Amino acid sequence: MTHSHPLHADVLVECLCCHASQPFHFSSSSDQVVCPYCARHLGDDRAVQRDAQHIALWASLLEDAESRFDDATSAAQVALDEADVRITVLTAQVGELSRIIAGDIDSAAESPSRTLLETEALGRARRRAELAARGNDAVFAALWAINARHGDAGALCACGEAITDCPDRSVLAPVRGRIADWEARNLALLAQGTRHALPAGHPAMR
Ligand SMILES: [Zn+2]
Ligand SMILES: [Zn+2]
Ligand SMILES: [Zn+2]
């Protein structure tokens, strides 16, 4: 009797005797499709012994399958446990973030979430302050230019009016000190070679 299984390869084929899937390596199509285990009782007339050996084989195959199933089950359980831990951590983090957002930042103590949020908030505040400073710079640059046109020029205002007659001088008087501070700060920035807000018409820019 010949078979049509692949030759010269490791294959799993049903043994014609025990009917279990067994590893075979055929070198000829006339090889017996009987596993090495069954080869021991091949041609055995004692059916009882053959059946007993089959039952022992099936039992051990079943045990193998069960232990593989157990391994897979415990691996799945480990994965589930890990997921549980992760969910618990994330749930705690969500609760903590919710409390911080609700304004109860002190209850979060020195948690990583709080640090993260504070860093975020600090960065936003710094960016807002930078924008505000840039807006202030534009106003101060304009004030500086107006103030420069009303400086002291002997007995007269630089605009040509008598000092007592120039209406702009009295308007500028309360902010002259702040304009001078702003100018000094920006001259220092210019000297350092960093970003400053002095207008193009400033003497230091010529
Ligand atoms: Zn067999
Ligand atoms: Zn057999
Ligand atoms: Zn003037």
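Residues numbered from 1 in each chain as written. Chains lettered and ligands numbered in written order. Predicted model: local features only at pLDDT ≥ 70, side-chain atom pairs only at ≥ 80, totals over all residues. Heavy atoms only, no water.

1. Some words on the packing of aromatic side chains
For the coordinates displayed, the defined rule picks out two aromatic pairs. With centroids separated by 5.1 Å and ring planes inclined at 10 degrees, the aromatic side chains of Phe 24 and Phe 26 adopt a geometry described as stacked. Judged by its relative accessible area of 2%, Phe 26 falls in the buried class. Look at Phe 140 and Trp 182: their rings are 5.9 Å apart centre to centre, the planes differ by 10 degrees, and that puts the pair in the stacked class. Note that Phe 140 is positioned in helix H3 (residues 112–148) and Trp 182 in helix H5 (residues 176–192), a separation of 42 residues in sequence. Comparing Phe 140 with Trp 182 shows no difference in burial state: the two are buried. (Phe/Tyr/Trp six-rings, centres within 6.5 Å; stacked < 30°, edge-to-face > 60°. Buried < 20%, exposed > 50% of the residue type's maximum accessible area, 1.4 Å probe, protein only. Helix = DSSP H or I, 4+ residues; strand = E, 2+ residues; numbered from the N terminus.)

2. Things to note about H5
Since one α-helical turn is 3.6 residues long, residues separated by three or four positions face the same way. Taking 1.5 Å per residue, 17 residues should reach 24 Å; H5 reaches 24 Å between its end C-alpha atoms and fits that length. Note on H5: the residue one or two positions beyond its end, Gly 193, has a positive phi of about 80 degrees. (Expected span 1.5 Å × (residues − 1).)

3. Overview of H3
Helix length check: H3, at 37 residues, gives a terminal C-alpha distance of 52 Å against a target of 54 Å (1.5 Å per residue), a fit within 8%. Summarising the contacts, the buried residues of H3 are in contact with helix H2 (47–101), helix H4 (167–172) and H5. (Contact = heavy atoms within 4.5 Å.)

4. A short note on the domain arrangement of the protein chain
Assigned domains of the protein chain: these are domain 1 (10–66) and domain 2 (129–205). Using only C-alpha atoms to locate each centre, domain 1 and domain 2 end up separated by 103 Å. (Domains from an automatic or database assignment.)

5. Things to note about a negative patch on the surface
On the surface, a cluster of negative charge is contributed by Glu 63, Asp 64, Glu 66, Asp 70 and Asp 71. Judged by its relative accessible area of 56%, Glu 63 is exposed. (Patch = residues over 30% accessible without salt bridge, like charges linked within 9 Å, V, L, I, M, F, W, Y side chains within 5 Å. Areas by Shrake-Rupley, 256 points an atom, 1.4 Å probe, with all protein chains shown as cover. Salt bridge = Lys/Arg side-chain N within 4 Å of Asp/Glu carboxyl O. Lys, Arg positive; Asp, Glu negative; His and termini not counted. Charge placed at Lys NZ, Arg CZ, Asp CG, Glu CD.)

6. Structural notes on the pattern of salt bridges
Inspection of the entire model under this criterion finds three salt bridges. Between Glu 120 and Arg 124 there is a salt bridge, and its shortest N-O distance comes to 3.4 Å. With Glu 120 and Arg 124 both in helix H3 and four residues apart, this pair spans about one turn of that helix. In this structure, the salt-bridge partner of Arg 134 is Glu 130, at a minimum N-O distance of 3.9 Å. Highlighted residues: Arg 134 and Glu 130, both in helix H3, separated by four residues, approximately one helical turn.

7. Let's talk about the coordination of the zinc ion (ligand 2)
Ligation of the zinc ion (ligand 2) by protein atoms is provided by Cys 17 (SG), Cys 38 (SG), His 41 (NE2) and His 54 (NE2), these donors lying 2.0 to 2.3 Å from the ion. One can describe the donor arrangement at the zinc ion (ligand 2) as tetrahedral, given that its four donor atoms subtend angles of 103 to 117 degrees at the metal. When the donor residues of the zinc ion (ligand 2) are listed from N- to C-terminus, their spacing reads C-x20-C-x2-H-x12-H. Here the zinc ion (ligand 2) and the zinc ion (ligand 1) are spaced 4.3 Å apart, and both take Cys 38 as a donor. Here Cys 17 is found in the loop between strand E1 (10–14) and strand E2 (21–25), whereas its partner His 54 is found in helix H2, with 37 residues between them in sequence. Residue classification places Cys 17 among the buried positions, given a relative accessible area of 18%. A relative accessible area of 5% places His 54 in the buried class. (Donors = N, O, S within 2.8 Å, 3.2 Å for Na, K, Ca; no water. Tetrahedral: all angles 85-135°; square planar, octahedral: opposite > 155°, others 65-115°.)

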